[in-house]
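Single-letter residue listing:
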Amino acid sequence: MIIRVFSLLIYAVTFVLSYQCLCAAQIDVEKNVSKNRIIYLWLAILLPCILAGLRADTVGVDVGVYVVRDVKYGAISQSLKQLQDLMSSESELLYCVLVYISTRLTSDAGMLLFLLQLLSIAPCVKAFCLLKDRISVPLAYLIYLLYFYNTSLNLMRQAVACSFILMGMAYLHSEKKHRLFKAILSFIVAILFHKAAFIGIILLLLLEIFSKFKGKYTIKLLLFIGICLLPTLLMKSTDYLMSNPNIPYRYKFYLSVFVYHDSHEGYFVNPFSLYTLADLLFKALLVLIPVYFAHQVKRNNEEIVLENICLSGFLIYTIVLFSMKTAYGNRISMFLDYFIMLFAPYVIPERLLSKRKFVYEGLLLMSWLIMVMYLGSSGSQNYMFRFI
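Residues numbered from 1 in each chain as written. Predicted model: local features only at pLDDT ≥ 70, side-chain atom pairs only at ≥ 80, totals over all residues. Heavy atoms only, no water.

Explain the overall build of the protein here, please?
Counting its regular elements, the protein contains 18 helices and 0 strands. In the protein, buried positions account for 53% of the 388 residues. Counting every atom, the protein has about 18,400 Å² of accessible surface; 68% of that belongs to carbon and sulfur. (Helix = DSSP H or I, 4+ residues; strand = E, 2+ residues; numbered from the N terminus. Buried < 20%, exposed > 50% of the residue type's maximum accessible area, 1.4 Å probe, protein only. Areas by Shrake-Rupley, 256 points an atom, 1.4 Å probe, with all protein chains shown as cover.)

I tried to follow the pattern of salt bridges on my own but got confused; where do I start?
If charged atoms from side chains of opposite charge come close, those side chains can pair. As enumerated under the stated definition, the model contains 8 salt bridges in all. With a closest N to O distance of 2.9 Å, D70 and R69 form a salt bridge. You can call D70 buried: its relative accessible area is 0%. Judged by relative accessible area, which is 34%, R69 ranks as partly exposed. As a salt-bridge pair, R157 and E92 come within 2.8 Å of each other at their nearest N and O atoms. In this pair, R157 sits in helix α8 (residues 156-172) while E92 sits in the loop between α4 (80-86) and α5 (93-105), placing the two residues 65 residues apart along the sequence. When its relative accessible area of 2% is taken as the criterion, E92 is described as buried. Connected via shared salt-bridge partners are D57, D108 and R386. (Salt bridge = Lys/Arg side-chain N within 4 Å of Asp/Glu carboxyl O.)

Just to check I follow, could you spell out helix α7 (residues 137-152) for this structure?
Because the α-helix completes a turn every 3.6 residues, residues three or four places apart line up on one side. Under the 1.5 Å per step criterion, the end-to-end length of α7 is only 20 Å for 16 residues, more than 12% shorter than the ideal 22 Å. Where α7 bends most, the angle comes to about 40°, and this point is L145. With respect to burial, α7 is a largely interior element, 16 of its 16 residues being buried. (Expected span 1.5 Å × (residues − 1). Bend = angle between axes of the 7 residues up to and from the residue.)

I keep staring at the side chain of T318 and nothing clicks. Help me out?
Mapping T318 onto the fold places it in helix α15 (residues 301-324). Here the side chain of T318 touches F314 through a polar contact of 2.8 Å, landing on its backbone oxygen. (Polar contact = N/O pair within 3.5 Å; in protein donor to acceptor, adjacent residues only side chain to side chain.)

What's the story with the environment of G110 in this structure? I'm lost.
Summarising the element assignment, G110 is placed in helix α6 (residues 109-130). A C-alpha to C-alpha distance of 9.6 Å links G110 and V71, two positions 39 residues apart in sequence. Leaving out residues up to four positions away in the same chain, G110 has contacts with G53 and R386. (Contact = heavy atoms within 4.5 Å.)

Can you walk me through the packing of aromatic side chains in this structure?
The description of an aromatic ring pair uses the distance of the two centres, along with the angle that the planes make with each other. All told, the structure shown has 14 aromatic pairs when counted by the stated rule. Centre to centre, the rings of Y11 and Y383 are 5.6 Å apart; their planes meet at 75°, and the pair counts as edge-to-face. Of this pair, Y11 sits in helix α1 (residues 2-30) while Y383 sits in the segment after α18 (355-374), and the two are 372 residues apart along the sequence. Across the pair, exposure class does not vary: Y11 and Y383 are buried alike. Seen from their ring centres, Y66 and Y95 are 5.8 Å apart, and the 85° between their planes marks the pair as edge-to-face. Separated by 29 residues along the polypeptide, Y66 in helix α3 (residues 61-76) and Y95 in helix α5 bring together distant segments of the chain. Considered together, Y66 and Y95 belong to a single accessibility category, that of buried residues. Positioned above the aromatic ring of Y66 is the side chain of R157, whose terminal nitrogen or guanidinium carbon lies 5.1 Å from the ring centre. Sitting over the ring of Y317, K283 keeps its end group 4.6 Å from the ring centre. (Phe/Tyr/Trp six-rings, centres within 6.5 Å; stacked < 30°, edge-to-face > 60°. Lys NZ or Arg CZ within 6 Å of the ring centre and 35° of its normal.)

Would you take a moment to explain a nonpolar patch on the surface for this structure?
On the surface, a nonpolar cluster with roughly 390 Å² of combined accessible area is contributed by V5, L8, L9, L365 and L369. Listed by contribution, the elements that provide at least two residues to the nonpolar patch are α1 and α18. The greatest single-element share of the nonpolar patch, amounting to 3 residues, is contributed by α1. On the secondary structure map, L365 appears in helix α18. Look at L365 and you get partly exposed, because its relative accessible area is 42%. (Patch = residues over 30% accessible without salt bridge, like charges linked within 9 Å, V, L, I, M, F, W, Y side chains within 5 Å.)

Is there a simple way to think about the nonpolar core in this case?
Nonpolar side chains tend to gather and get buried jointly when the protein is soluble and globular. One finds Y11, V67, F128, I143, F339 and Y360 to be the most contacted residues of the largest nonpolar core, which totals 117 residues. If we ignore the near neighbours within four places in the chain, the residues touching V67 are D62, Y95, A109, L112, L113 and M156. (Core = buried A, V, L, I, M, F, W, Y, C linked by side-chain atoms within 4.5 Å.)

Hey, could you run me through the packing of α5 against α6 in this one?
Angle between the axes and distance between the axes are the two parameters that describe a pair of packed helices. Between α5 and α6, the least distance of the axes is 9 Å, while the angle of their chain directions is 135°. As summarised for this structure, α5 and α6 are arranged oblique, according to the angle between their axes. Relative to α6, the crossing made by α5 is right-handed. Counted together, Y95, L98, V99, S102 and L105 of α5 and M111, L112, L115, L116 and L119 of α6 form the full contact between these two elements. Among the residues making up the contact of α5 with α6, the classes are represented as 9 nonpolar, 1 polar and no charged. (Axes fitted to C-alpha atoms, helices over the stretch in contact; angles between N-to-C directions. Parallel < 35°, antiparallel > 145°, perpendicular 65-115°, else oblique. Left-handed = near helix turned anticlockwise from the far one by under 90°. Nonpolar A, V, L, I, M, F, W, Y, C, P; charged D, E, K, R; others polar.)

When you look at the side chain of E208 in this model, what are you seeing that I'm missing?
Within the secondary structure, E208 sits in helix α10 (residues 197-210). Here E208 falls in the buried class, since its relative accessible area comes to 11%. Excluding residues within four positions of it along the chain, E208 makes contact with M169, H173 and V305.

Here's what the structure looks like:
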């Protein structure tokens, strides 16, 4: 109980300080004062990164799965090639490079955890800044802190990939020079951190294209039917994928578990347990409330694109959860879920006394308190410092 209270206070203080720094940077932007803007912005980014780097190896399930192991490999490697040979042959290139760089600086895993978190937060903040004239940047950052930060302490490589995809799509919708080149570069970096990012990018680009067609409701119906057929399509294509030597082993493993239902009980969940129902409820509310707000006014094409992306992510997670009895649909929907950070701030006013903003921020806080601090989502509810 004491550890849980201590953890809540540590997270809460870090979140409040980081959020206030970002708000201070936002005020300087509105006043056209550049003196302290960069300092405030980097403080907002670095505070959660420092917290991530100081955490014990027990905070975040995947830290003990591969980070500690890979740091040990990096410490004894004399070259990047040797490190790649020691690590799994399926380890993504840029992740291997990051491990190599961090272990040249120190053999402690905290440095790698700090760098991974920096690469998870900074691209998101960049995406918010690219669209600052169209979204509420403070609300977008609050969504990251309360809904995605603790997940990024567990799914670290995927969180980095999701962030770079978000930044890439923000570049596509910005008015920056060379935006297409920067978007493509962001997508490449995402894939080189997590191969599954390729699936997320394809889904996003398809949704981007479909959302521009006329007959929006027809397109949504077709998308819904397509997502509903996803388990059937996956079943039909599994035999081919399992026999393809170019498919990485770990994806074949997931297919064998979820499609063939091999005996790996740890991957399956009860869709009607308290945890999964609470997770599903908060996902639904965080997506459907902005959808409801968006339909109160005439929407532009950007809103329609973001709405379709967020709805598709929710549908993929839900259908996979009930058809395959696993929460691993989150590994695909997460690439789409990150766009909640753009969609909700797009349709919810930034005014201080906005009822919509108050309701949504309250929902985010409840989600964090219940899913992370009470139910233990991501395995980061009991924060401990690595040097204690």
